[in-house]
Structure formats: structure tokens, C-alpha cells
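The chain contents come next:
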Amino acid sequence: MHSVMLTSTPSLMYWNEKTLIVMKKIQDLREQYGYIAFFSIDAGANVKIFCCNNSYISLIMQELSDYFNKEDFLISSIGNDAYVQKNS
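Now for a look at the structure at hand.

Brief notes about the overall build of the protein chain
Here comes step 1: Broken down by element type, the protein chain carries three helices and two strands.
Here comes step 2: For the protein chain, the share of sequence-separated contacts (at least 6 apart) that also reach a separation of at least 24 residues comes to 37%.
Here comes step 3: With an accessible surface of roughly 7200 Å², the protein chain has 51% of that area assigned to carbon and sulfur atoms.

Put into C-alpha cells, the structure is as follows:
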């Protein structure tokens, strides 16, 4: 969706400065330190960061502390396995 918006005429971008900062910081951390972290963007400017190791969470938050407060982060974990619910 974002690619289509960026290549449209006129182009449209929902990202803001902080969106780009997070994207760049995650890319830099992967390149510099081998962090196993990735990002995805919703239909707006919000970035979701996925980590394969819980110890990266505090490191990423520290790296972004110049731009965000602790309250700006929502930390979640992987949910339960999928299952089929039978109706009674």
C-alpha cells in the first residue's frame, strides 16, 4: 500500500519524521550489531517492531529514547496457538 501511495501522482505519504527515524534506527541496529529485529508499518505512521529476543526490547527502547518516551511504546508478546472453536 505504501509503495503504491509513494509512486502515485501526486504521491501521498502517511509517514512522519518519527516513522522514518524508527525505520532507519532498526536498519542501523541490524547492520551494526546483528540485532534480530524487524519493522512493519500499519496504514498510517505507526511502526511495529518485531524482536526475536526479549533482551533487544530494552536496547531498542534505549536507542530510541532521544525521540520517544517510555509511554510511547506498547510491548506485546506472541499470542497463543491458533485453534478451531466448535460451536455448541
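A few points about the pattern of salt bridges
Here comes step 1: Scanning the entire structure with this criterion turns up three salt bridges.
Here comes step 2: The residue Asp28 makes a salt bridge to Lys24 at a minimum N-O spacing of 2.9 Å. Taken together, the residues span about one helical turn, with Asp28 and Lys24 both in helix α2 (residues 17–33) at a distance of four residues.
Here comes step 3: Given the relative accessible area of 47%, Lys24 is considered partly exposed.
Here comes step 4: Lys48 is paired through a salt bridge with Asp42; the nearest N and O atoms lie 3.0 Å apart.
Here comes step 5: For Lys48, a relative accessible area of 35% gives the class partly exposed.

Looking at a nonpolar patch on the surface
Here comes step 1: Side chains of Ile36, Phe38 and Phe50 sit close together on the surface and give an oily, nonpolar patch of about 290 Å² of accessible area.
Here comes step 2: Here Phe38 shows up in strand β1 (residues 37–41).
Here comes step 3: Residue classification places Phe38 among the partly exposed positions, given a relative accessible area of 41%.

Focus on helix α3 (residues 55–63)
Here comes step 1: The set of residues buried in α3 consists of Tyr56, Ile60 and Met61. Projection of α3 onto a plane perpendicular to its axis shows the buried side chains occupying an angular sector of 135 degrees, all on one side.
Here comes step 2: Residues of α3 that are buried sit in contact with α2, β1 and β2 (47–51).

Notes on the pairing of β1
Consecutive residues of a regular strand have side chains that alternate between opposite faces of the sheet.
Here comes step 1: As defined by bridge partners, β1 adjoins β2 across five bridges and the pair is classed as antiparallel. Paired with Ser40 across the two strands is Lys48, which belongs to β2.
Here comes step 2: In textbook terms, the turn of a hairpin is the stretch between consecutive antiparallel strands, and for β1 and β2 this stretch comprises five residues.

Considerations on the nonpolar core
Here comes step 1: One finds Ile21, Val22, Ile26, Leu29, Tyr35, Ala37, Tyr56, Ile60, Leu64 and Phe68 forming the largest nonpolar core, which totals ten residues.
Here comes step 2: Looking at this core, the elements with two or more residues in it are α2 and α3.
Here comes step 3: Sort the elements by how many residues they give to this core and α2 lands first, with four residues.
Here comes step 4: Apart from residues no more than four positions distant in its own chain, Ile21 is found in contact with Leu64 and Tyr67.

Analysis parameters
- Residues numbered from 1 in each chain as written.
- Predicted model: local features only at pLDDT ≥ 70, side-chain atom pairs only at ≥ 80, totals over all residues.
- Heavy atoms only, no water.
- Helix = DSSP H or I, 4+ residues; strand = E, 2+ residues; numbered from the N terminus.
- Contact = heavy atoms within 4.5 Å.
- Areas by Shrake-Rupley, 256 points an atom, 1.4 Å probe, with all protein chains shown as cover.
- Salt bridge = Lys/Arg side-chain N within 4 Å of Asp/Glu carboxyl O.
- Buried < 20%, exposed > 50% of the residue type's maximum accessible area, 1.4 Å probe, protein only.
- Patch = residues over 30% accessible without salt bridge, like charges linked within 9 Å, V, L, I, M, F, W, Y side chains within 5 Å.
- Arc of directions from axis to C-beta.
- Pairing = 2+ DSSP bridges.
- Core = buried A, V, L, I, M, F, W, Y, C linked by side-chain atoms within 4.5 Å.

Keep in mind these numbers describe shape, not what the thing actually does.
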